[in-house]
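So you can see what is in the structure, the chains are spelled out below.
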Amino acid sequence: MGFAETSVRETAMKHPLAWVLAAYTAGVVIGHFFQMPWLWLFGMALAAWTISFFLPRTRFVGMALTLALAGWMNAQLHELPLAADDLRRILGSDPAWVSIRGTLEYSPTLHEVNGKHDQGVMGMGMVRVNAIKLGDDWQVASGTLLATAPGDPGPLFFTGQSVEINGVAAPPPGPLADGLFDERSYLAARNIYFELKAPTLQDWQTSLPLRHTPPLTDRFLNWAKGTLAMGLPVEDEPLRLLWAMALGWRTGLHGAISDPFLQAGTMHMFAIDGLRIALLSGILVAVLRAMQLSRGWSGLLVIPLIWFYTAATHWEAPAVRASIMMTIVLGGWAMKRPHDLLNSLACAALIILVADPRQLGEASFQLSFFVMLSLALMIPAFHQATQSWFQPDPLLPLVLVPRPVRAGLWTARWLNDLFITSLAAWLGSLPLSIKYFHLASLVSTPANLLAVPCGTLALMANLAALATGSWAWPLTILFNHAAWFFMVAMTWASTTAASLPGAFFYICDIPWWLVLAYYAGIIWVFAGKIPSGRHRARIGIFLFVLFLASLWGMEHWRREPRLTVLPLNGGHAVYLAARHSRDDLLLDCGNGSAFESILKPFLRAQGVNFLPRVVLTTSDVRNAGAAAALASSFHLGELCTGVGPDNSPRLRQVWSTLPANKIHITPLHAGDTFGVWTVLYPPANPTFSRSDDNALVLSGNLSGLKVLLLSDLGPQGQAQLLEQSIPVAADVLVCGLPAEGEPIGNGLLAAIHPKAVVVADSSYPATRKAGHALKSRLESSSAKIFYTSQEGAITLVANPSGWQLASVSRNLMDWPSQNPPSP
């Protein structure tokens, strides 16, 4: 028997459920990529189990193979053929006006429009459908869809209520561009394949059988919100954050409010996950033990309470996972059984993956268990390395140690425990935070030293307020003001930490092999057989530096340059990610709402922290209205603008907020050059009053491929561009829609003679979508025409054989080249 097999067997004996989970998970992963007849898998699993039963020497390998095949089978069982009345068979992929009947799985949640509290809310609820009306006839249907309403549906709509809703049903949208949120995949993992958008609140109606009383969990949430607001003068941001932290209320936790917590690494305080359930369980157990209740009774009372809390917060997947984990831990503690955190963690993960193997692909699942694994492995090692720092003189009896010294040592040990827990959690979450959120926070550990105690105290004050309620209202008001104070302190700590120079960085997508190698390194360093702590520290530091060096290399040496045309709800932006970040370029930034919801997350997903050059091609709000927001969200080098007159008072107000003393603003006109770009238009002294007729036109040569960026150039500007008699020929033409008239007149189109035209139009608002007449005229030319309203963002990507024009979902066009882009 080899050393490796011996080590595996020893690990399996110490943590038996860990290797069971590893084998089963391997099968789930294989089942995701490879399909095989279910009976074949069952036969192989039965054969492996039989061989391992009769041949003891093969038992370990045989059982591992049996578990892997079981995981493979379970993964495929969750992809069974559709039932005849499944919504996917009835609706298909095209939008359709329908009426549905069903029951609300949860009470509708409210989401702020554009992430702003003063712009109204949109109601969202999951409906389990039992009937659908297409045309004039009702038919039986099954499935769950996400229904939305333009406002608050009202108190009659709650969990279990029968409803009838009219609206447009369609599959959820996929990601608009690489790195943006994929709503379709997110909902599909929850067995939701359609959205139903009701145009008015009147399209939401209750139906028979009508329920008049909400369930206990809904009544509890409504009562708890009112109780936690008792005595506070206004519904302000700290109160909404307290509702989010204590009750899982998500309406106010969006956009600018959540950014500082994400950037400081303290956003986990608002997640209903392992930390929240652990804090609640710890507080409740401490209170019950202080009341002299035994371990058995304490566990018997706390476990149902945490499951009630999970139900009240709408059975969120992270809360369910954490509750399973805490049930296992508390159950063993209550029964005075020896516990092993790794075994408990593996048991919880195994239960979840047996119930739904698709959870393995969820970011929250991976973060929960990899962070817990890191805590289980790292904290004992860190404790062992630092425990001698806070011990009194071993030759001096403890009673002779002065009280101030003992108090100081206790405080130092408490701070050390908090520090190493925060450090281990940061190290455990770092690669997945980069993978899914493209964010690396360097101040997470120090920020959590203050944020976690403040958040814990706020949560304790909230629990105390709920316990006293209205029957002891003076105490409730006192607790609510204390919770408000601690929330303000936690917000201040997060905001201050995030505002420090170099506090966080956005990083582009990293490959899965690097993520898995990172966690394999953690397991090897902290669970392997490294002989001493000093060697373990050296190897761990070396591997971490190697990981950071890999990140730096990926950021500064990109695989290929790419130019992306991004629709922005009426405007558009063009982003060039050059081979070296110093040559990056952004053209236009959209209006405020489009910037916050589309452009800002897109740039962050590309790992953008600094934009060396930004060009605003027009002065209208739809393309440049978010200039101030862009300057506050990213570091800008040079800001280039056209020289046309500005007729927009609203935009002049935006310009006045720009930090002109920190940003170099450069006017551009015909003949100017920068990088690979040449300005073709407008001339130095433009004569037109409309912003669109003075739009900047840029011509670029990208490793042999000619690209013309026409912006939203209006008809008069197009005519003047042609009169200049300068070469405008290009392989790829990118244009938007002017406010008046059509883009790309026939004369200009003939002069450019492009192989491909990208029309940057938008599905919303409808007036910014290319019309039928424009499409008919353009498609009569020899060029291939693509519309961002249909394709989403369109990207021009360099590869070793030439260039490729592609959207998120498909390849659009290829340019083979004898002179491929330089490496």
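Just so we're clear, the structure is a prediction, and the values are computed from it rather than from any experiment.

1. Looking at a nonpolar patch on the surface
Together, Trp 38, Leu 39, Trp 40, Phe 42, Met 44, Leu 46, Trp 49, Ile 51, Phe 53, Phe 54, Leu 55 and Leu 77 make up a nonpolar patch on the protein surface, roughly 1,300 Å² of accessible area in all. Sorting elements by how many residues they give to the nonpolar patch places helix H3 (residues 38-54) first, with 10 residues. In this structure, Trp 40 sits in helix H3.

2. Describing empty space enclosed by the protein
Inspection of every chain in the model, using the stated rule, returns three cavities of 30 Å³ or more. Considering the residues around the largest cavity, the lining is formed by Leu 563, Val 565, Val 707, Val 732, Val 734, Val 758, Ile 794, Thr 795, Leu 796 and Leu 805. Only strand S10 (562-568), strand S20 (732-735) and strand S23 (794-799) provide two or more residues apiece to the lining of the largest cavity. In terms of residue count, S23 provides more of the lining of the largest cavity than any other element does, three residues in total. Here the residues of the lining of the largest cavity are counted per class, giving nine nonpolar, one polar and no charged.

3. Quick look at the state of the cysteines
Summed over all chains, the structure comprises zero disulfides. The thiol sulfur of Cys 589 is not disulfide-bonded, and the nearest other cysteine sulfur, from Cys 640, lies at 13 Å. Residue classification places Cys 589 among the buried positions, given a relative accessible area of 0%.

4. So, the packing of helix H7 (residues 216-228) against helix H11 (residues 295-312)
H11 packs onto H7 with a crossing angle of 85° between their chain directions and a minimal axis gap of 9 Å. Considering their axes alone, H7 and H11 lie roughly perpendicular with respect to each other. Where H7 approaches H11, its residues Leu 216, Thr 217, Phe 220 and Leu 221 are matched on the opposing element by Phe 308, Ala 311 and Ala 312. The residue inventory of the contact of H7 with H11, partitioned by class, reads six nonpolar, one polar and no charged.

5. Topic: the pattern of salt bridges
This model, assessed by the stated rule, comprises 19 salt bridges. The partner of Arg 604 in a salt bridge is Asp 259, with the nearest N and O atoms 3.5 Å apart. Within this pair, whereas Arg 604 is found in helix H20 (residues 592-605), its partner Asp 259 is found in helix H9 (residues 259-264), the two being separated by 345 residues in sequence. Both residues of the pair, Arg 604 and Asp 259, count as buried. In this structure, Glu 791 engages Arg 810 in a salt bridge whose closest nitrogen and oxygen atoms are separated by 2.5 Å. Of this pair, Glu 791 sits in helix H27 (residues 788-791) while Arg 810 is found in the loop between strand S24 (802-807) and strand S25 (811-816), placing the two residues 19 residues apart along the sequence. Using a relative accessible area of 42% as the deciding quantity, one classes Arg 810 as partly exposed. Residues joined in a network through salt bridges with shared partners are Asp 620, Arg 622, Asp 692, Asp 712 and Arg 768.

6. Let's talk about the side chain of Gln 366
By the element assignment, Gln 366 lies in helix H14 (residues 363-386). When sequence neighbours within four positions are dropped, the list of residues in contact with Gln 366 reads Leu 360, Gly 361, Val 371, Leu 432, Tyr 436 and Trp 512.

7. Some details on unusual backbone geometry
Across the junction of Tyr 681 and Pro 682, the peptide omega takes the value 10°, indicating a cis bond. Among the secondary structure elements, Pro 682 is positioned in the loop between strand S17 (677-681) and strand S18 (697-702). Cis geometry is adopted by the peptide bond preceding Pro 765, which originates at Tyr 764 and carries an omega value of -5°. Relative to the helices and strands, Pro 765 resides in the loop between strand S21 (756-759) and helix H26 (772-779). For Asp 588, which is not glycine, the phi torsion reads 70° and is therefore positive. Relative accessible area serves as the criterion here: at 2%, Asp 588 is assigned to the buried category. Of note in the backbone geometry, Ser 711 takes a positive phi value of approximately 55° without being a glycine.

8. Concerning the layout of surface pockets
One number sums up the size of the second largest pocket: a volume of about 850 Å³. Along the walls of the second largest pocket sit 32 residues, with Leu 427, Phe 526, Ala 537, Gly 540 and Ile 541 positioned nearest its centre. Among the elements of the structure, H14, helix H15 (403-437), helix H18 (512-527) and helix H19 (533-556) are those that each provide at least two residues to the lining of the second largest pocket. When residues of the lining of the second largest pocket are assigned to their parent elements, the largest contribution, 11 residues, is made by H19. When the residues that make up the lining of the second largest pocket are grouped by side-chain class, the tally is 24 nonpolar, seven polar and one charged.

9. Considering the packing of helix H16 (residues 444-468) against helix H17 (residues 473-498)
Across the interface, H16 lies against H17 with an axial gap of 8 Å and an inter-helix angle of 160°. When the interaxial angle is binned, H16 and H17 end up roughly antiparallel. Regarding H16 and H17, the two cross each other, and that crossing is left-handed.

10. Focus on the packing of aromatic side chains
Evaluated as defined, the whole model comprises 15 aromatic pairs. Look at Phe 382 and Phe 526: their rings are 5.9 Å apart centre to centre, the planes differ by 90°, and that puts the pair in the edge-to-face class. Of this pair, Phe 382 sits in helix H14 while Phe 526 sits in helix H18, placing them 144 residues apart in sequence. You'll find Phe 382 and Phe 526 in the same group, each marked buried. Put simply, the rings of Phe 370, Tyr 518, Tyr 519 and Phe 547 touch in pairs and so form one group of aromatic residues. A cation over a ring is seen here: Arg 101 above Trp 138, with NZ or CZ 3.8 Å from the ring centre. The cationic tip of Arg 190 hangs over the ring face of Tyr 186; the distance from NZ or CZ to the ring centre is 3.8 Å.

11. As for the confidence of the model for the chain
When pLDDT is averaged across the chain, the result is 84; 91% of the residues are at 70 or more. Every residue in residues 1-5 scores below 50 in pLDDT, and together they form three contacts with partners more than four places removed in sequence or on other chains. This stretch, residues 818-823, has a pLDDT under 50; its non-local contacts, to residues over four places away or in other chains, come to 14 contacts.

12. A closer look at the sheet that holds strand S16 (residues 673-674)
Pairing in this open sheet of seven strands is mixed, and the strands run S16-S17-S18-S19-S20-S21-S22 from one edge to the other. Of all strands in the sheet, those bounded by a partner on one side alone are S16 and strand S22 (784-787). Of the pairings in the sheet, the one linking S18 to strand S19 (residues 705-711) comprises five bridges and is antiparallel in character. Considered in S19, the bridge of Asn 701 is made with Lys 706. Here helix H24 (residues 715-723) sits on the sheet and contacts S17, S18 and S19; the angle it forms with S17, its principal contact strand, is near 110°. The sheet strands contacting H26 are S21 and S22, and the helix crosses S22 at an angle near 150°.

13. Observations concerning the side chain of Thr 476
Among the secondary structure elements, Thr 476 is positioned in helix H17. Among all residues touching Thr 476, those that are not within four sequence positions of it are Thr 227, Met 230, Ala 465, Thr 468 and Gly 469.

14. A few points about the pairing of strand S11 (residues 571-577)
With seven of seven residues buried, S11 is to be regarded as a mostly interior element. Across seven bridges, the pairing between S10 and S11 is antiparallel. From the neighbouring strand, Arg 562 faces S11, where its bridge partner is Ala 577. Here S10 folds back onto S11 in antiparallel fashion, the turn holding two residues, of which Asn 569 has a positive phi close to 50°. In terms of strand pairing, S11 meets strand S12 (residues 585-587) through three bridges, oriented antiparallel. Looking at S12, one finds that Leu 576 is bridged to Leu 585.

Conventions and cut-offs
- Residues numbered from 1 in each chain as written.
- Predicted model: local features only at pLDDT ≥ 70, side-chain atom pairs only at ≥ 80, totals over all residues.
- Heavy atoms only, no water.
- Patch = residues over 30% accessible without salt bridge, like charges linked within 9 Å, V, L, I, M, F, W, Y side chains within 5 Å.
- Areas by Shrake-Rupley, 256 points an atom, 1.4 Å probe, with all protein chains shown as cover.
- Salt bridge = Lys/Arg side-chain N within 4 Å of Asp/Glu carboxyl O.
- Helix = DSSP H or I, 4+ residues; strand = E, 2+ residues; numbered from the N terminus.
- 1 Å grid on protein atoms, 1.4 Å probe; cavity = no way out; pocket = protein on both sides within 12 Å on 5 of 7 lines; lining within 4 Å.
- Points joined across faces, edges and corners; volume = space filled by probe spheres on them.
- Nonpolar A, V, L, I, M, F, W, Y, C, P; charged D, E, K, R; others polar.
- Disulfide = S-S within 2.5 Å.
- Buried < 20%, exposed > 50% of the residue type's maximum accessible area, 1.4 Å probe, protein only.
- Axes fitted to C-alpha atoms, helices over the stretch in contact; angles between N-to-C directions.
- Parallel < 35°, antiparallel > 145°, perpendicular 65-115°, else oblique.
- Contact = heavy atoms within 4.5 Å.
- Left-handed = near helix turned anticlockwise from the far one by under 90°.
- Phe/Tyr/Trp six-rings, centres within 6.5 Å; stacked < 30°, edge-to-face > 60°.
- Lys NZ or Arg CZ within 6 Å of the ring centre and 35° of its normal.
- pLDDT = per-residue confidence, 0-100.
- Pairing = 2+ DSSP bridges.

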